[in-house]
Amino acid sequence: MTKEEFLTELQDTLQRDDQVLETDKLSDYEEWDSLSKMAVMAFFDKKFGKKVSLTELGSFKTVEDLIKFAGL
Amino acid sequence: MPQSKFEHVKISGMQVVVPPKEICIYDELHYYGGSVKKVDRMRKMVGFWKRRVADRGVTPSDLAIDAGEKLIAGMDIDKKSIDALIFVVQKPDVPNPATAFFIHQKLCLPKTCMAFDMNLGCPGWVYGLYVAHSMIESKACKRILLLTGDTPASYLNLDDRIKAPLFGDAASATLLDYSQEPSISPSFFEIGSDGEGFELIIKPGLGERIKYVPQMDQVDPEFNKVIFEPFKEFDGRNVNLAGESYMDGVAVFNFTMTVVPEHIKSLMKFAGESPDTIPYLMLHQANKQIVQTVASAAGFPENKASYEAFENYGNQTISSIPALICHTLKDKLKNNSEKMLCSSFGNGLSWASCIITLGNMFCGGVKDFEKRPDHMGRNEVINYWKEKMKGNIND
């Protein structure tokens, strides 16, 4: 998966209307709630085979942190 | 961890009952600041749509009695042939005796039929199925009526936006029979539990630990008062220990993600099956996201794991898998034979799964609940018991 594909899939996972950019702060997203975090956990598990806890997810500040975690 | 195989048990009939009153998530926009967009997002992500809610004064046993009555009538079976009645419930009518005896009376079951309750949450139907299979395979019983019932929606606090849109009220009835010939499609079960998670989904008040003792009001006014004293829960709602249930959603989600898929894989290995050989994955209808996530982690394609029961009726706790089966397979089960893996998980923590083949059986689908003519509402029951205890009612 490329970074661009990751950003599109993340936008879909969060069910966000606006485009998702690498530099975006997660705390700026209205959609960054527990529901989304669970969806992102499932997304990492399914697409990258990576387990992440909700606490760990909470420590991620930006979209870039998510990309790094995915190993892209 | 018990792994069991049964060869002499047939599931002969199933029936699910839901209250007729339906609430749609779009009828409750005011809880989401009037935002259709927010609700659309919830619908897409979690699958929120419609749910069924019982009238106040209707208990899990009322729904279960109706499910049992409809199953017995639909199959036209002789009640005298029922050896045991098992009622899986977490909200009994009274602290004691077991609610199963009240059901035994209302269904006019014979004195030769034993009756007992099982206190289990969401995995309760699979758990009950396991117990019934064990009783029949051992030839202790030839015919068992397994009932489940819950009313998580009827008294729910609508300010509780985490739990309120999730739940639906329902009951199920399943009839199991002994079959002399060993089945060509045996049933396989695997069950586990983890008491470390006892506090993760719990109703802490009004059992023996935090007991209400009326006599203490004279001795120590604080003794009972503290149980009913309101305080603010983490989400800002006013609650008290007498009424509120507690759930650590994050921990429960982590448990579901880590334990359940591995457990499903372990059962498939035991039964010599794989996602390719099992057409239906009937998962506990917690919500769409959880159904899809667990299915995918267990190696199943999403189209094998339906969440239609959740969308149409809400999370029906103990009755969610029977409702999914009755809703999606009603017309197929009469003549066809369908293999499925049923898996459920919930408070305790507990989890239970089985691989069963259903077919050539009665399936009454999901029907609307009908109140019995002798149904007593809350106030009537209160008056009844006051008069009875005063000695004014003689049976």
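1. Describing the environment of B:T328
All names here are of chain B.
Line of reasoning, step 1. Among the structural elements, T328 can be located in helix α10 (residues 320-329).
Line of reasoning, step 2. Under the relative-accessibility criterion, T328 is labelled partly exposed at 29%.
Line of reasoning, step 3. Sequence spacing of T328 and G128 is 200 residues, and the spatial spacing of their C-alpha atoms is 22 Å.
Line of reasoning, step 4. Those residues in contact with T328 that sit more than four places away from it in its chain are M282, S306 and E308.
Line of reasoning, step 5. At 2.6 Å, the side chain of T328 and the backbone oxygen of L324 are in polar contact.

2. Concerning the pairing of strand β7 (residues 143-150) of chain B
Residues and elements named next belong to chain B.
Line of reasoning, step 1. Among the eight residues of β7, eight are classified as buried, and the element is accordingly described as predominantly covered.
Line of reasoning, step 2. Neither face of β7 is open: one carries R143, L145, L147 and G149, the other I144, L146, T148 and D150, and all of them are buried.
Line of reasoning, step 3. Direction of pairing for strand β5 (residues 84-88) relative to β7: parallel, over a ladder of five bridges. Considered in β7, the bridge of F87 is made with L147.

3. Here we look at the packing of aromatic side chains
Line of reasoning, step 1. One pass over the structure, following the stated rule, counts 16 aromatic pairs over all chains.
Line of reasoning, step 2. Centre to centre, the rings of A:F60 and A:F69 are 5.6 Å apart; their planes meet at 50°, and the pair counts as tilted.
Line of reasoning, step 3. A relative accessible area of 14% means that A:F60 is categorised as buried.
Line of reasoning, step 4. Considering the side-chain rings of B:F6 and B:F189, the 5.6 Å spacing of their centres and the 80° angle between planes classify their relative orientation as edge-to-face. With a gap of 183 residues between them, B:F6 in strand β1 (residues 3-6) and B:F189 in strand β9 (residues 187-193) connect regions that are remote in the sequence.
Line of reasoning, step 5. An aromatic cluster of at least three residues, connected via ring pairs, comprises A:F6, A:F43, A:F44, A:F48, A:F60 and A:F69.
Line of reasoning, step 6. We note A:R16 situated over the ring of A:Y29; from NZ or CZ to the ring centre the distance is 3.9 Å.

4. Regarding the confidence of the model for chain A
Line of reasoning, step 1. Chain-level statistics for chain A give a pLDDT mean of 90 and a share of 100% at 70 or above.
Line of reasoning, step 2. The lowest-confidence element of chain A is helix α3 (residues 54-58) of chain A, averaging 83 in pLDDT; the highest-confidence one is helix α4 (residues 63-70) of chain A, averaging 94.

5. So, the interface of chain A and chain B
Line of reasoning, step 1. Contacts between chain A and chain B engage 17 residues on the former and 17 residues on the latter.
Line of reasoning, step 2. Both sides of the chain A and chain B interface together cover about 1400 Å² of buried area, and 61% of this is carbon and sulfur.
Line of reasoning, step 3. For the chain A face of the interface with chain B, the top three residues by lost area are A:Q15, A:L35 and A:M38, together amounting to 38%.
Line of reasoning, step 4. A salt bridge links B:R41 to A:D33; its shortest N-O distance comes to 3.4 Å.
Line of reasoning, step 5. Looking at the side of chain A that touches chain B, the elements that each hand over two or more residues are α1 (3-14) and α2 (34-48) of chain A.
Line of reasoning, step 6. The dominant element in the side of chain A that touches chain B, judged by the number of residues it contributes, is α2(A), at eight residues.
Line of reasoning, step 7. A per-class count over the side of chain A that touches chain B returns seven nonpolar, three polar and seven charged.

6. Some remarks on the sheet that holds strand β2 (residues 9-18) of chain B
All names here are of chain B.
Line of reasoning, step 1. The mixed open sheet is built from six strands, whose spatial order is β6-β5-β7-β8-β2-β17. Lying at the two open borders of the sheet, with one neighbouring strand each, are β6 (114-118) and β17 (362-368). The sheet shows a mean angle of 15° between the axes of neighbouring strands, taken without regard to direction.
Line of reasoning, step 2. The sheet contact formed by β2 and β17 spans five bridges and is parallel. Bridge assignment links V16 to a residue of β17, and that residue is V366.
Line of reasoning, step 3. Across the sheet, helix α4 (residues 124-137) lies against β2, β5, β6, β7 and β8 (170-178), angled at about 20° from β8, the strand it touches most.

7. Focus on the nonpolar core
Line of reasoning, step 1. Formed by 51 residues in total, the largest nonpolar core has its most connected members in A:F6, A:F44, A:L57 and B:I264.
Line of reasoning, step 2. At nine residues, the largest contribution of residues to this core is made by helix α7 (residues 249-271) of chain B.
Line of reasoning, step 3. Setting aside residues no more than four positions away along its own chain, A:F44 makes contact with A:F6, A:G49, A:K50, A:V52, A:L57, A:L66, A:F69 and A:A70.
Line of reasoning, step 4. If you look at the next biggest cluster of nonpolar residues, it comprises 47 residues, including B:M14, B:L120, B:I191 and B:M282.

8. Describing the domain arrangement of chain B
Line of reasoning, step 1. According to the domain assignment, chain B consists of domain 1 (3-187 + 279-286 + 305-339 + 354-380) and domain 2 (204-239).
Line of reasoning, step 2. Averaged C-alpha coordinates put domain 1 of chain B and domain 2 of chain B at centres separated by 32 Å.

What counts and how
- Residues numbered from 1 in each chain as written.
- Chains lettered and ligands numbered in written order.
- Predicted model: local features only at pLDDT ≥ 70, side-chain atom pairs only at ≥ 80, totals over all residues.
- Heavy atoms only, no water.
- Helix = DSSP H or I, 4+ residues; strand = E, 2+ residues; numbered from the N terminus.
- Buried < 20%, exposed > 50% of the residue type's maximum accessible area, 1.4 Å probe, protein only.
- Contact = heavy atoms within 4.5 Å.
- Polar contact = N/O pair within 3.5 Å; in protein donor to acceptor, adjacent residues only side chain to side chain.
- Pairing = 2+ DSSP bridges.
- Phe/Tyr/Trp six-rings, centres within 6.5 Å; stacked < 30°, edge-to-face > 60°.
- Lys NZ or Arg CZ within 6 Å of the ring centre and 35° of its normal.
- pLDDT = per-residue confidence, 0-100.
- Buried area = accessible area lost by both parts, 1.4 Å probe.
- Salt bridge = Lys/Arg side-chain N within 4 Å of Asp/Glu carboxyl O.
- Nonpolar A, V, L, I, M, F, W, Y, C, P; charged D, E, K, R; others polar.
- Axes fitted to C-alpha atoms, helices over the stretch in contact; angles between N-to-C directions.
- Core = buried A, V, L, I, M, F, W, Y, C linked by side-chain atoms within 4.5 Å.
- Domains from an automatic or database assignment.

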